[in-house]
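Next come the chains, spelled out residue by residue.
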Amino acid sequence: MQVTIDVFRFDPEKDQKPHFDQFVVEAEPVDRVLDLLEKIKDYHDGSLTFRRSCAHGVCGSDAMRINGVNRLACKVLVQDVGTRIKVEPILGLKVKRDLIVDMEPFFDHYKSVLPYFINDEAPPEKERLQSPEARERFDDTTKCILCAACTTSCPSFWSDSAYVGPAAIVNAHRFIFDDRDQGAAQRLEILNQQMGVWRCRTAFNCTEACPRDIHITQAIAEVKKAITSGKLD
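We now turn to the structure provided with this report. The shown structure was predicted, so the numbers you read here are calculated from the model rather than taken from an experiment.

## Here we look at the nonpolar core
General note: in soluble globular proteins, nonpolar side chains tend to be found buried as a group.
Thinking step 1. Counting 65 residues, the largest nonpolar core has I5, L37, L191 and V223 as the members making the most contacts within it.
Thinking step 2. The element best represented in this core is helix α6 (residues 166-176), accounting for six residues.
Thinking step 3. Aside from chain neighbours lying at most four places away, what touches L37 is V7, L48, F50, M64 and L99.

## Comments concerning empty space enclosed by the protein
Thinking step 1. A complete count under the given rule lists one cavity of 30 Å³ or more for this structure.
Thinking step 2. C144, I145, C147, C150 and C210 are the residues nearest the centre of the largest cavity, which is lined by 14 residues in total.
Thinking step 3. Classifying every residue of the lining of the largest cavity by side-chain character gives 13 nonpolar, no polar and one charged.

## A word on the sheet that holds strand β1 (residues 2-9)
By way of backbone hydrogen bonds, the strands of a sheet pair with one another, either parallel or antiparallel.
Thinking step 1. With mixed pairing, the five strands of this open sheet are ordered in space as β2-β1-β5-β3-β4. The open sheet has two edge strands, β2 (19-26) and β4 (69-72), and neither has a second partner. Neighbour to neighbour, the strand axes of the sheet diverge by 35 degrees on average, direction disregarded.
Thinking step 2. As judged from the eight bridges shared by β1 and β2, these two strands associate in the antiparallel manner. What sits directly across from Q2, in β2, is E26.

## Section: the packing of aromatic side chains
Thinking step 1. Scanning all chains against the criterion turns up two aromatic pairs.
Thinking step 2. Here the guanidinium or amino end of R137 rests over the ring plane of F177, the centre of that ring lying 4.0 Å away.
Thinking step 3. Taking NZ or CZ as reference, R174 lies 4.1 Å from the ring centre of F175, over its face.

## Side note on the pattern of salt bridges
One side chain can pair with another of opposite charge once the charged atoms of both are near each other.
Thinking step 1. In total, this model carries 15 salt bridges according to the counting rule given.
Thinking step 2. In this structure, the salt-bridge partner of D181 is R187, at a minimum N-O distance of 2.7 Å.
Thinking step 3. We classify D181 as buried; its relative accessible area is 10%.

What counts and how
Residues numbered from 1 in each chain as written. Predicted model: local features only at pLDDT ≥ 70, side-chain atom pairs only at ≥ 80, totals over all residues. Heavy atoms only, no water. Core = buried A, V, L, I, M, F, W, Y, C linked by side-chain atoms within 4.5 Å. Buried < 20%, exposed > 50% of the residue type's maximum accessible area, 1.4 Å probe, protein only. Helix = DSSP H or I, 4+ residues; strand = E, 2+ residues; numbered from the N terminus. Contact = heavy atoms within 4.5 Å. 1 Å grid on protein atoms, 1.4 Å probe; cavity = no way out; pocket = protein on both sides within 12 Å on 5 of 7 lines; lining within 4 Å. Points joined across faces, edges and corners; volume = space filled by probe spheres on them. Nonpolar A, V, L, I, M, F, W, Y, C, P; charged D, E, K, R; others polar. Pairing = 2+ DSSP bridges. Axes fitted to C-alpha atoms, helices over the stretch in contact; angles between N-to-C directions. Phe/Tyr/Trp six-rings, centres within 6.5 Å; stacked < 30°, edge-to-face > 60°. Lys NZ or Arg CZ within 6 Å of the ring centre and 35° of its normal. Salt bridge = Lys/Arg side-chain N within 4 Å of Asp/Glu carboxyl O.

The structure is reproduced here in structure tokens:
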């Protein structure tokens, strides 16, 4: 079968503004959008630029807008999007070239919520034990792969990129509700700021965009509740 792909193009060294290039490639229904982009780069236009790595939905590097929806190109099959496909970079971050955006602001927000284990007590002889029930409390938010699909689907982030964004809140949640960690108060104070968790308007775009099926809106609501109640229920 033939598939027509409209691909967003922008080369800052020669383009004054972005445009779309159209390619027609042979494909199978079970080919992934990433496979089609690889074909274009290999056989049609070697200058096409995009991020990719594992190609198995683990690294999160190939997040992009496919037919207007944030997805990982390595997980979207041709049979699920049809024979006319439009591919664009994710929104809210500066386009560096073609489908590549500047991820630094995204990672700056991520780092701002202290996304690492904090515990000043002397470490035990072997490991810090945790019950299955305690682990289950935050298990869902450990699945984040930092693809930015959620944050760049958020209208609040589009309107003000200073908003810390869903991905950062998800990663804060993972440690806030870990009963071995002692940094919850610090993270909640950070997220209680003007550009923190209260910028969320519960649009659910983030939850729909997540390739790992994380219940992002629920996690954000739980962080809000922790701030207002002062309890980590």
